[in-house]
Amino acid sequence: MDKKEIELPGFSKNNHLPEDTAVTEEHVDESDENVERGNWSSKADYLLSMIGYAVGLGNVWRFPYLAYKNGGGAFLIPYVIMLALAGMPLFFLECSFGQFASLGPVAVWKAVPIFQGVGITMVLVSTLVTIYYNCIIGYSLYYLFASFQSPLPWADCFSWWGADDTCSRSPKDPLCNLTLDNGYFEIVNTTWLHVNNETCPNGSEITFPHLGPSEQYWDHVALRRTNSIGETGDVVWYLALSLLLAWIIVGIALSKGIKSSGKVVYFTATFPYLVLIILLIRGATLEGAYKGIEYYIGSQSNITKLRDSEVWKDAATQIFFSLSVAWGGLTALSSYNKFHNNCYTDAIIVCVVNCATSVFAGFAIFSILGHMAHIQNKLVPEVAKSGFGLAFIAYPEALAQLPVAPLWSILFFFMLVTLGLDSQFAIIETIVTTLLDKFPNYLRSKRIFVTSGACLLFFLLGLVCVTQAGIYWINLIDHFTAGWGILVAAVAELIALSWVYGVNRFIKDIEMMIGEKHWLFWLWWRACWAFISPVLLLAILIWSLVTFTPPTYGSIQYPGWATALGWCMIIFCIMWIPIIAIKKIVLAKGSNLWQKIVAASRPTPDWGPYLKQHRGGRYDKTNQDFAQAGIPEVAKH
């Protein structure tokens, strides 16, 4: 389609911001205060909240494994390229979008009403994710409490927690069904074979199922896992209590919105870095640590892996999901900034810190895994895992073998709790902000009740995830909703703002906040927003659909009804994009379909900066319309 910008009445794309409005820190003063919605108490509150939102569990349990699997240090090349092409442009765009209008992820689409369904999709995906994400925090809390004992319960196959015959710290040697000279059969072990210089004929080996103590503890004690998603079992009471505690923490932290959560993040956003530094120092002093580092990002790095297109896909998806773009949270958190805050600098800082954290966390993880591989006489690939396998099986097992193991275990799981809580704060704030923006007269004064009600509702919905089949539900929701939904939303968001609203108009909106920039400054951002980023994300989306595989948990296949339910969840999230678009077109003025589409694509009359004093220049016409309509100084939002 031709790149066409739809103009506001009385708006000229040639209008420029006066030179004297260039932003410096002193411009962000009391005149920017939004009394009605509220603002961040300080710049540090906002930055730490954004860093805490972006830096989550995936930085610790997914990126290090991806780097190791995809060529080690060589993986940083596509990772940084994808950061520049997709991650950072979309991050900057969403921060600017929310800050400009001081509105959440749904209300902000007054800019392009026909695309308001994009915001609804983001909020719905965040809602589904928050249900299971807090369950993972609940798991971490359970393991945190279980760490206050010595020895750690998963350090060995203890009978008191029900370890069975398949539990062993090392695999049991296979037996051999040997045929003797007299024709009789005898079952012998490998030691007998070596002593008698015999070999076991093909097909005669008898192997035994084996689970390490940490893996059996995870399955049989922590989860009490059933054999499939169809076997729901009972609610695991201690996981339910851990989940309740997690929601109580979230509710208390958000009791006063950003005013309270902005203070909590001073601890929750910084504590993980302290723990990672401690774990790295401890890990680096252990025998065999260098083996893990070599596999992660050292001499075992494989530059030839860059020829594999799958490596580039992994880099793009990891940077995209790691930065939490297209979830609605960046728009929601940025909407509480003062209008003249320098959102460009903020975006660069948060993106760099997020990616650096991922790389740094890998050293802390793989130094300890290298030590575990050394003492078990295994290769690092044999002990390296990702996701739940790393957080609740491999790493706890490695920590259990260290001196003063409970201390290291407590630090590790406390770190996981704080990593998860930061992200959870932002997701709940996104949902609450959406509700308050939709019903400001009724709900804004009742924020604490809205937050408490949301936490209670999500706790009840999350109980299915702490049944004996809960891990299957978590894996199913994550497999479907945390992927395609936000990719669709991201592509639609880029198309809406770059091609319908107009990338030039959007840039001038940003310049109203941060001051005019040279055209060369915008060259890269304009190219990414209009072409590079949407094409790249669309390619990833298509590739993900083409290479779709049904969800599994380990070797356990999901039944057909579960896969169908997963598709229903993702369809429910994204169907609002066309539904809202059709609704807006039907209700729009116009004598034919094209005129209705154009009318539904134009910004609403009250679109623009939230406060009247920021509506100068390009939005003068809007001010005149407000004055004629008798609308007060705070723009009618």
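- Going by what an unreviewed UniProt entry lists, the protein chain is known as Transporter and is assigned to Scyliorhinus torazame.
- Under the UniProt heading Subcellular location (unreviewed entry), the entry covering the protein chain gives this text: "Membrane".
- UniProt, in its Sequence similarities (unreviewed entry) section for the protein chain, records the words "Belongs to the sodium:neurotransmitter symporter (SNF) (TC 2.A.22) family."

Overview of the confidence of the model for the protein chain
Part 1 of the reasoning: Across the protein chain, the average pLDDT comes to 87, with 87% of residues at or above 70.
Part 2 of the reasoning: Here helix α27 (residues 620–629) stands out as the element of the protein chain with the lowest mean pLDDT, 50, in contrast to helix α8 (residues 237–253), whose mean of 97 is the highest.
Part 3 of the reasoning: Every residue in residues 1–27 is under pLDDT 50, and counting partners more than four places away or in other chains gives 53 contacts.
Part 4 of the reasoning: Below pLDDT 50 for its whole length, residues 623–637 participates in 29 contacts with residues either more than four positions away or in separate chains.

As for the state of the cysteines
By definition, a disulfide links two cysteine residues through a covalent bond between their sulfur atoms.
Part 1 of the reasoning: With the rule as written, the count across this model stands at 1 disulfide.
Part 2 of the reasoning: A sulfur-sulfur distance of 2.0 Å marks the disulfide that ties Cys-157 to Cys-167. Measuring handedness by torsion sign, the sulfur bridge of Cys-157 and Cys-167 sits at about -80° and is left-handed. Taken together, the positions of Cys-157 in the loop between α5 (116–146) and β1 (175–179) and Cys-167 in the loop between α5 and β1 put the pair 10 residues apart, joining distant regions of the chain.
Part 3 of the reasoning: Assessed through its relative accessible area of 9%, Cys-167 is described here as buried.
Part 4 of the reasoning: This cysteine, Cys-135, is not joined by any disulfide, and Cys-465 carries the nearest cysteine sulfur, 4.2 Å off.
Part 5 of the reasoning: Cys-135 gets classed as buried once you look at its relative accessible area, which sits at 1%.

Considerations on helix α14 (residues 343–375)
Part 1 of the reasoning: The end-to-end C-alpha distance of α14, which contains 33 residues, comes to 49 Å, matching closely the 48 Å that a straight helix rising 1.5 Å per residue would cover.
Part 2 of the reasoning: One or two steps after α14, the chain reaches Asn-377, where phi turns positive at roughly 55°.

Describing the pattern of salt bridges
Part 1 of the reasoning: Tallied over the full model, the rule gives 11 salt bridges.
Part 2 of the reasoning: Here Glu-36 and Arg-444 are joined by a salt bridge, their closest N and O atoms 3.1 Å apart. One end of the pair, Glu-36, is in the segment before α1 (43–54); the other, Arg-444, is in the loop between α18 (440–443) and α19 (447–462), and 408 residues separate them in sequence.
Part 3 of the reasoning: Here Glu-310 ties to Lys-313 by a salt bridge, and the two come within 3.9 Å at their closest N and O atoms. Taken as a pair, Glu-310 and Lys-313 lie in helix α12 (residues 309–322) at a separation of 3 residues, close to a single helical turn.
Part 4 of the reasoning: Look at Glu-310 and you get partly exposed, because its relative accessible area is 32%.
Part 5 of the reasoning: Among the ionic contacts, a cluster of salt bridges with common partners joins Glu-36, Arg-37, Asp-437 and Arg-444.

Structural notes on unusual backbone geometry
Part 1 of the reasoning: Between Ser-150 and Pro-151 the backbone carries a cis peptide bond, its omega angle lying at 0°.
Part 2 of the reasoning: The residue Pro-151 is located in the loop between α5 and β1 in this model.
Part 3 of the reasoning: Not every positive phi belongs to a glycine, and Ser-324 is a case in point at roughly 60°.
Part 4 of the reasoning: Within the secondary structure, Ser-324 is located in the loop between α12 and α13 (329–334).

Looking at the UniProt feature "binding site: Na(+)" (unreviewed entry) in the protein chain
Part 1 of the reasoning: The UniProt feature table records "binding site: Na(+)" (unreviewed entry) at Gly-52, Ala-54, Val-55, Asn-59, Ser-322, Asn-354, Leu-419, Asp-422 and Ser-423. A maximum C-alpha distance of 13.4 Å among these annotated residues, which run over 372 residues, shows that they cluster at one spot.
Part 2 of the reasoning: Residues contacting Ser-322, with those up to four places away along its chain left out, are Ala-54, Asn-59, Tyr-79, Asn-354 and Ser-358.
Part 3 of the reasoning: Once you skip the residues sitting within four places of it in the chain, Asp-422 turns out to touch Gly-52, Tyr-53, Val-265, Thr-268 and Ala-269.

Here's the deal with the side chain of Thr-481
Part 1 of the reasoning: Mapping Thr-481 onto the fold places it in helix α20 (residues 470–481).
Part 2 of the reasoning: A polar contact is formed between the side chain of Thr-481 and the backbone oxygen of Ile-477, at a distance of 2.6 Å.
Part 3 of the reasoning: Discounting residues that sit within four places of it in the chain, Thr-481 has contacts with Val-125, Leu-128, Val-129, Ile-486, Met-569 and Ile-570.

A short note on the nonpolar core
Part 1 of the reasoning: Counting 207 residues, the largest nonpolar core has Phe-91, Trp-218, Trp-529 and Leu-537 as the members making the most contacts within it.
Part 2 of the reasoning: At 19 residues, α5 tops the list of elements feeding residues into this core.
Part 3 of the reasoning: Ignoring sequence-local partners within four residues, the contact set of Leu-537 consists of Ala-86, Leu-90, Phe-320, Leu-487, Ala-490, Val-491 and Leu-494.

A short note on a nonpolar patch on the surface
Part 1 of the reasoning: Residues Phe-145, Phe-148, Trp-237, Leu-241, Leu-244, Leu-245, Ile-248 and Ile-252 make up a contiguous nonpolar surface patch of roughly 830 Å² in combined accessible area.
Part 2 of the reasoning: Here the element with the most residues in the nonpolar patch is α8; it accounts for 6 residues.
Part 3 of the reasoning: Positionally, Ile-252 belongs in helix α8.

Things to note about the packing of α12 against helix α23 (residues 519–546)
Helix packing geometry: the angle between the two helix axes and the distance between the axes.
Part 1 of the reasoning: One way to put it is that α12 packs onto α23 with a least axis distance of 11 Å and a crossing angle of 115°. Classified by the interaxial angle, the pair formed by α12 and α23 is roughly perpendicular. The handedness of the crossing between α12 and α23 is left-handed. Residues Ser-309, Glu-310, Lys-313, Ala-316, Thr-317 and Phe-320 of α12 form the contact with α23, whose own contacting residues are Leu-537, Ile-540, Trp-543 and Ser-544.
Part 2 of the reasoning: Grouping the constituent residues of the contact of α12 with α23 by class yields 5 nonpolar, 3 polar and 2 charged.

Comments concerning the side chain of Asn-59
Part 1 of the reasoning: Relative to the elements of secondary structure, Asn-59 occurs in helix α2 (residues 57–61).
Part 2 of the reasoning: Those residues in contact with Asn-59, other than ones at most four positions away along the chain, are Ala-54, Pro-64, Ser-322, Asn-354, Ser-358 and Ala-361.

Some words on the packing of aromatic side chains
Part 1 of the reasoning: Considering all chains together, one arrives at 62 aromatic pairs under this definition.
Part 2 of the reasoning: Look at Phe-63 and Phe-75: their rings are 6.0 Å apart centre to centre, the planes differ by 50°, and that puts the pair in the tilted class. Linking Phe-63 in helix α3 (residues 63–69) with Phe-75 in the loop between α3 and α4 (76–101), this pair joins segments that are 12 residues apart in sequence. Comparing Phe-63 with Phe-75, the two get one shared label, buried.
Part 3 of the reasoning: Sitting over the ring of Phe-521, Lys-517 keeps its end group 5.7 Å from the ring centre.

Quick notes on the rules
- Within each chain, residue numbers correspond to sequence positions counted from 1 in written order.
- It should be noted that, the model being predicted, local features are given only for residues of pLDDT at least 70 and side-chain atom pairs only at 80 or more, the latter also being counted only at that level, while totals for whole chains, interfaces and linings use all residues.
- Side-chain metrics rest on all non-hydrogen atoms present in the structure, leaving aside hydrogens and water.
- UniProt positions are given in the numbering used here, feature names are shortened, and annotations may be inferred rather than shown by experiment.
- Per-residue confidence from the prediction method is given by pLDDT, with values spanning 0 to 100.
- Helix and strand definitions here come from DSSP, where helices need a minimum of 4 consecutive H or I residues and strands a minimum of 2 consecutive E residues; each element is numbered from the N-terminal end.
- Pairs of residues are marked as contacts when any of their non-hydrogen atoms sit within 4.5 Å.
- We call a pair of cysteine sulfur atoms a disulfide when they lie within 2.5 Å.
- Here's how the labels work: a residue is buried when its accessible area is under 20% of the maximum for its type, exposed when over 50%, partly exposed in between, all with a 1.4 Å probe on protein chains only.
- To estimate the expected span of a helix, subtract one from its residue number and multiply by 1.5 Å.
- Here, a salt bridge means any Lys or Arg side-chain nitrogen found within 4 Å of an Asp or Glu carboxyl oxygen.
- Definition of a polar contact: a pair of N or O atoms within 3.5 Å, with one able to donate and the other able to accept a hydrogen when the atoms are protein atoms, and with sequence-neighbouring residues admitted only if both atoms are side-chain atoms.
- Working definition of a nonpolar core: buried Ala, Val, Leu, Ile, Met, Phe, Trp, Tyr and Cys residues. They are joined through side-chain atoms within 4.5 Å.
- For patch building, the residue pool is restricted to those with more than 30% relative accessible area and no salt bridge; the joining distance is 9 Å between like charges and 5 Å between nonpolar side chains (Val, Leu, Ile, Met, Phe, Trp, Tyr).
- Per-residue and other accessible areas follow the Shrake-Rupley method at a 1.4 Å probe size, with only the shown protein chains counted as cover for residues.
- Axis definition: a line fitted to C-alpha atoms, over the contacting stretch in the case of helices. Angles run 0 to 180 degrees between N-to-C directions.
- Put simply, angles under 35 degrees are roughly parallel, angles over 145 are roughly antiparallel, angles from 65 to 115 are roughly perpendicular, and the rest are oblique.
- Handedness of a crossing is defined here by the sense of rotation of the near helix relative to the far one, left-handed for an anticlockwise turn of less than a right angle and right-handed for a clockwise turn.
- The classification used treats Ala, Val, Leu, Ile, Met, Phe, Trp, Tyr, Cys and Pro as nonpolar, Asp, Glu, Lys and Arg as charged, and all other residues, Gly among them, as polar.
- The rule is short: rings of Phe, Tyr and Trp, with Trp giving its six-membered ring, pair when the centres are within 6.5 Å, and they are stacked under 30 degrees, edge-to-face over 60, tilted in between.
- Whether a charge sits over a ring comes down to the Lys NZ or Arg CZ being within 6 Å of the ring centre and within 35 degrees of the ring normal.

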